[in-house]
Structures are given as C-alpha cells and as structure tokens.
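# Structural overview
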Amino acid sequence: MLNLATILEDSAKRYPGKAAFTFMDTTLSYAQINGAANQVANGLKAKGIKAGDKVALSCLNLPYFPIIYFGIIKLGAVVVPLSVLLKKDEIEYHLKDSEAKAYFCFTGTTDLPMGEMGHAGFNAAPDCELFFMIMPTAEMPSSIQGTATLGELMKGESPTFEIYPSLAEDTCVIIYTSGTTGRPKGAELTHSSLLLNAVLSTDLFGTQPEDVQLIVLPLFHIFAMTTLMNAGIYKGATSVLLPRFDAEAVFGLMQKHKVTLFAGVPTMYWGLVNYTDPKFDYETIAKTLKRCASGGASLPVKVLEDFENRFHVAILEGYGMSEGSPVVTFNQLNIGRKPGSIGTPAWGVDVKLVDTEGKEVAVGEKGELLYRGHNVMKGYYKKPEETAKTIQDGWLHSGDIAVKDEDGFYYIVDRTKDMIIRGGFNVYPREVEELMIKHEAVSLVAVIGIPHEEMGEEVKAYVVLKQDKKVSEHELIEWTKEHIASYKYPRHIEFLSALPMSATGKILKKELRK
C-alpha cells in the first residue's frame, strides 16, 4: 500500500506536539491536524463516501485545507482542489466533469463570496450529493440556511481512523489545468507521483524539521500543495499560512515567525523588492531566511538580483506543470544554478528537447520540452484522446519551447504560443474569447497577453462589434468580470473594425502583438 496521508500520520507520531500550521493567532499541532483529518474521514465514511469517490475542495490558505485534504485521502477518495476565484458556471463544470460526489467550500468574504458561488454551482450539478460549508469556526452555523457545515460533519466523530490501503498508482488528486486550448482538463496525479515530488522538493529546498515556511501561494495550486504543504508535512516543518499576498503582511509574518523558507511567483518577488517600511527589521528577516524558490513564470533576472542583493538569500528557479506533480526541472544546490534558467532535471525525471518531427535538437537550439518519470500524470480524467496527444511513448509533451546550454541547464524561450501567464496564473485566451463572444454586442474577439511590469503579462481583448450594436470598454470589462474568475478577465479592450486574418480565416494574433 502507499497512501499519501502516511506523511501526515508519520509526522503526527514523530512530532505530535510540534506546530504544523499557523494562521493568525491559531496554531495547530501535527497531532491536532491528524486527529481533525481523521474526523473528516470518519464523517465522510458515515455519509457514504468511499475509496475512489471524488470530493471537491474550495478553500483559502487556512488550516482547514490540509485537514480536509488529508481527511479525503485517508479514506482512499480523490481530492479535486478548485480555485477560490471560480464563478458559479465554472464550479458547475468542474463538479460535473470530475464526477464529484461531495463538495467542501469555504464561506468566503464580502469581496470573495465563495460560499454563495460554490453553493450555486453545487445546485447546478445534480450528481454531486453532499455540500459542506466551511465556516471560520466549527460552531458557526452555515452562511446559507439549510446547508451542512464542516463542523457538523466532524462533530462527535472519532479522531482515529484506519487509513485506506491505496495502491501507489491509484489516483490521489485531480488537478485542473487547461493545457493549451479548450475547457479545463483534470490531470490525474497518483499517490506515488505526489509523494515522490514532495520528497524531492525537500531535497531541492533543503527542508528540515526546524524550518518555518511561509505559504502564501494558493494551496489549491499544485506548486504550493506539493512543494510546500506536502513537503513540509513530510519533514515535520512548521507552515505559516497567508491567504492573500500582501508585501506588508509577508514581512510582518517573516519577522514574527522567523521564517526560513519562502516560495513565490515572480510578481510576489517584484512586490517584496519594491516595498520598504522602517517598521520592519529587514536585516533580521534576511538573516533568518535561508532559501527562496520561484516558479509559475520566468523571474526577471533584475528582480532576482535586486531581491538577492537586499536579502542575501538565493532564489532557486524551477519549472513544473500540473501534469508533472509539478516539479520537472530546478536549479539545484548540489549541481549549481544559473539566474534566468529553470535549472536541470529533478531526481528521477528525464528531459529532452525535440523539433516538430520529434527529433532531439542540438545544444543551443530551440525545441519543445518533453519529460518522463515518476512525476508524469496518469492522464486527463475521462479524456483518452487528449491524454494520447499529450503523453506519447511515455514522454509528456509540455508545449513549451526551451533551449539547453552546454552545461545541461534549460531555459524557457516561449511559453505555449497563446497562453497568458498573469501573476503566476495561467489564462487561456480561448476560454475568455468563448465567453466574451456570448455578449450581445460582440461579433468577434481575440485575446492576447501584453507585457506588464507587476503581473508579467496582462490580458487584452481585441473586439469587433456587431453592426448597430454598442458597448463601452468599461461595460464589456465589467460584464466579463461577472462571468469569469477575476484573474482571467481582460483589463484592456481595444475595438477594431476587423481582426487580421490569414487566407484560411485564422486570426493572426502575431499581428495583434506587434
């Protein structure tokens, strides 16, 4: 058997009283997190959830996330983590596509009404039978009358549970990713791939039981889930949770908790470099920090240098994908690092670059990055054709273009042609285009990424209106914002009389990028 929840059970035995997760003024020990996860497992079992069932989870960076996550896994069920920014229609799609039987959703805030959106999405997915609202405290009644709460599910349940004997290749998590086109696809990650990725992450970061790591990257995203949450639990480290990035809050927590490990996306490093307030002791923060990591998008070398000069700590850049559990390559301390590169292949992972005919390219030449190893997903859930296109002869085709230098270091040259990476989040133009064209005034739309100092890229839409129809830039932005996650909607819209097209009628986005 190999159940990922073994990492939590093991640390609860070895470090029962040690701080596992801290959020604001609340700190829960490993024994408490494990006991609460057992209560979730027992509660779900009593409700009829069994091994192999899918259970969705929408939750901010709160201790509830690991409690529910591992409660589901202990039962042998499959976790389906959802972005906290999804709207009703998107939640409905994910619940239906994953065939989720149950759904845990945090109530949210005034600015982010997650519970309201989640419950509406749940009601539109009739095969999802159970809904549990996660409230700020276990005793609080649900924010939506008539719905059960996490607290009610756990109440009276035993804090002990016999873990389900999952097999190494059983699906553990289905993480949604859009790849390059179309609607999001669920990448099936196994207990084995997630465990091995967590273990190698501790080697890459040098994680030790005495470390304190700050997790501000969203836990529903594979980056934080594997390389911080699971890796930290495996080693018995302490994790400090922050639901939303804010430079002042980050420095406050770094100073208060003597944070040693930090991982972020480039926009976070940009925010930290550009924030200064005399109330913080930056010298002490710098002395405590021992390692930083960056992923999600290319970190500008200038930002890396400015951060390292200020805090005297190395930022290790890596490359990963949801389909790769996620780590594929990394700048590794025992091999060396090169600023601007994504490093060398992680332990147990093979990487090669190929041309359009599938032949390996020479050093210094561009090619599509392919990889194989323990980290590769089983496939896209219920999408055999998509899986067959992506995984060929055991090699996963990333769609990303890279070059390799003479020392074996890889550099991403070009992300998948049309994908936009905004603040570390992938935005897929086709999804935005398919929504915007539903507006009564829109005839045609093309979405591209434009450079942005803080976000890396910003979303821009070029729109052709229908004859005799009018809509302002502001009105169309607001309409789109209401129907799609907040990181996806365009911040800029330009109206054109026509879009540039090829002879075959294909929109020439390269002309729009000029």
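Structure: see above.
Residues numbered from 1 in each chain as written. Predicted model: local features only at pLDDT ≥ 70, side-chain atom pairs only at ≥ 80, totals over all residues. Heavy atoms only, no water.

## Things to note about the overall build of the protein
Condition: Strands are runs of DSSP state E lasting at least 2 residues, helices are runs of H or I lasting at least 4, and numbering of each runs from the N terminus. C-alpha atoms define the radius of gyration, and 2.2 Å times the number of residues to the power 0.38 defines the globule rule. Buried, partly exposed and exposed residues are distinguished by accessible area as a fraction of the type maximum, computed with a 1.4 Å probe on protein chains only: under 20%, between the cut-offs, and over 50%, respectively. Note on definitions: a residue-residue contact is assigned when non-hydrogen atoms from the two residues lie within 4.5 Å. Charge counting follows a simple rule: Lys and Arg are positive, Asp and Glu are negative, and His as well as the terminal groups are ignored. The location of each charge is read from NZ of Lys, CZ of Arg, CG of Asp or CD of Glu.
On a plain count of helices and strands, the protein comes out with 16 helices and 27 strands. In terms of overall dimensions, the protein is globule-like: its C-alpha atoms have a radius of gyration of 23 Å, near the 24 Å expected for 514 residues. The principal-axis extents of the C-alpha atoms in the protein amount to approximately 65 × 55 × 55 Å. When each of the 514 residues of the protein is scored for burial, the buried share is 58%. Taking all contacts inside the protein whose residues are at least 6 apart in sequence as the whole, residues at least 24 apart take part in 68%. In the protein, 53 side chains carry a positive charge and 63 a negative one; their mean positions are 1 Å apart.

## Structural notes on the nonpolar core
Cut-off, in case you're wondering: To form a nonpolar core, buried Ala, Val, Leu, Ile, Met, Phe, Trp, Tyr and Cys residues must be joined to one another through side-chain atoms within 4.5 Å.
Within the largest apolar cluster, 163 residues are counted, with the highest numbers of intra-cluster contacts made by Tyr 69, Phe 70, Leu 95, Tyr 103, Phe 104, Phe 262 and Leu 369. Per element, the largest residue contribution to this core is eight residues, and it comes from helix α3 (residues 64-74). For Tyr 69, the residues in contact, after removing those within four places along its chain, are Leu 4, Leu 57, Val 79, Val 173, Leu 194, Met 225, Met 229 and Asn 230.

## Brief notes about the layout of surface pockets
As a reminder, the rule being used: For each structure, a 1 Å grid was placed over the protein atoms alone; sets of points admitting a 1.4 Å probe that cannot get out are labelled cavities, open sets with protein on both sides within 12 Å along at least five of seven lines are labelled pockets, and lining residues have an atom within 4 Å of a point. Grid points are joined across faces, edges and corners, and a volume is the space filled by probe spheres set on the points. Gly is placed with the polar residues, together with every amino acid not listed as nonpolar (Ala, Val, Leu, Ile, Met, Phe, Trp, Tyr, Cys and Pro) or charged (Asp, Glu, Lys and Arg).
Of the pockets and cavities examined, the largest pocket occupies roughly 1,300 Å³. As for the largest pocket, its lining consists of 41 residues, and the residues nearest its centre are Leu 85, Arg 244, Phe 245, Phe 425 and Ser 486. Within the residue set of the lining of the largest pocket, elements represented by two or more residues are α5 (114-123), α8 (222-235), α10 (266-273) and α15 (473-483). A breakdown of the residues in the lining of the largest pocket according to their chemical character gives 24 nonpolar, eight polar and nine charged.

## Observations concerning the packing of aromatic side chains
Where two aromatic rings form a pair, the distance of their centres and the angle of their planes describe that pair. In plain terms, the rule: Pairing of aromatic rings covers Phe, Tyr and Trp, the last counted by its six-membered ring, and requires centre-to-centre distances within 6.5 Å; plane angles under 30 degrees mean stacked, over 60 mean edge-to-face, and any other angle means tilted. Charges are assigned to positions over rings by a cutoff of 6 Å between ring centre and Lys NZ or Arg CZ, combined with an angular limit of 35 degrees from the ring normal.
The full count for this structure, using the stated rule, is 17 aromatic pairs. The interplanar angle of 25° and the centroid separation of 5.0 Å between the aromatic rings of Phe 104 and Phe 132 together place this pair among those described as stacked. Separated by 28 residues along the polypeptide, Phe 104 in strand β5 (residues 100-106) and Phe 132 in strand β6 (residues 130-134) bring together distant segments of the chain. An aromatic cluster is present here, built from Phe 251, Phe 262, Tyr 269, Tyr 275, Phe 280, Tyr 282, Phe 307 and Phe 311 joined pairwise through their rings. Here the guanidinium or amino end of Arg 310 rests over the ring plane of Tyr 282, the centre of that ring lying 4.5 Å away. Positioned over the ring face of Trp 395 is Lys 352, at 4.4 Å from the centre of the ring.

## A closer look at the sheet that holds strand β10 (residues 212-215)
Test applied: Here, a strand pair is defined by DSSP locating no fewer than two bridges between the strands. With axes taken as lines fitted to C-alpha atoms, and helix axes fitted only over the stretch in contact, angles between N-to-C directions fall between 0 and 180 degrees.
Strands sit in the order β2-β1-β11-β10-β12-β13-β14-β15-β16 across an open sheet of nine strands; the sheet is mixed. With one partner strand each, in any of the chains shown, β2 (26-29) and β16 (344-345) form the two edges of the open sheet. Judged from the two bridges that link them, strand β15 (residues 327-330) and β16 form a sheet pairing that is antiparallel. The residue bridging Phe 330 from the neighbouring strand is Thr 344, located in β16. Across the face of the sheet, helix α9 (residues 247-257) comes into contact with β1 (19-23), β10, β11 (238-241) and β12 (261-264) while running at roughly 165° to β10.

## Looking at the sheet that holds strand β25 (residues 442-452)
Read from one edge of the open sheet, three strands run β25-β26-β27, paired in mixed fashion. With one partner strand each, in any of the chains shown, β25 and β27 (492-495) form the two edges of the open sheet. Across the sheet, the mean angle from the axis of one strand to that of its neighbour is 25°, orientation sign disregarded. As defined by bridge partners, strand β26 (residues 456-465) adjoins β27 across four bridges and the pair is classed as parallel. What sits directly across from Tyr 462, in β27, is Glu 494. Across the sheet, helix α14 (residues 429-436) is in contact with β25, β26 and β27; its angle to β25 comes to roughly 145°.

These figures capture arrangement, not role.
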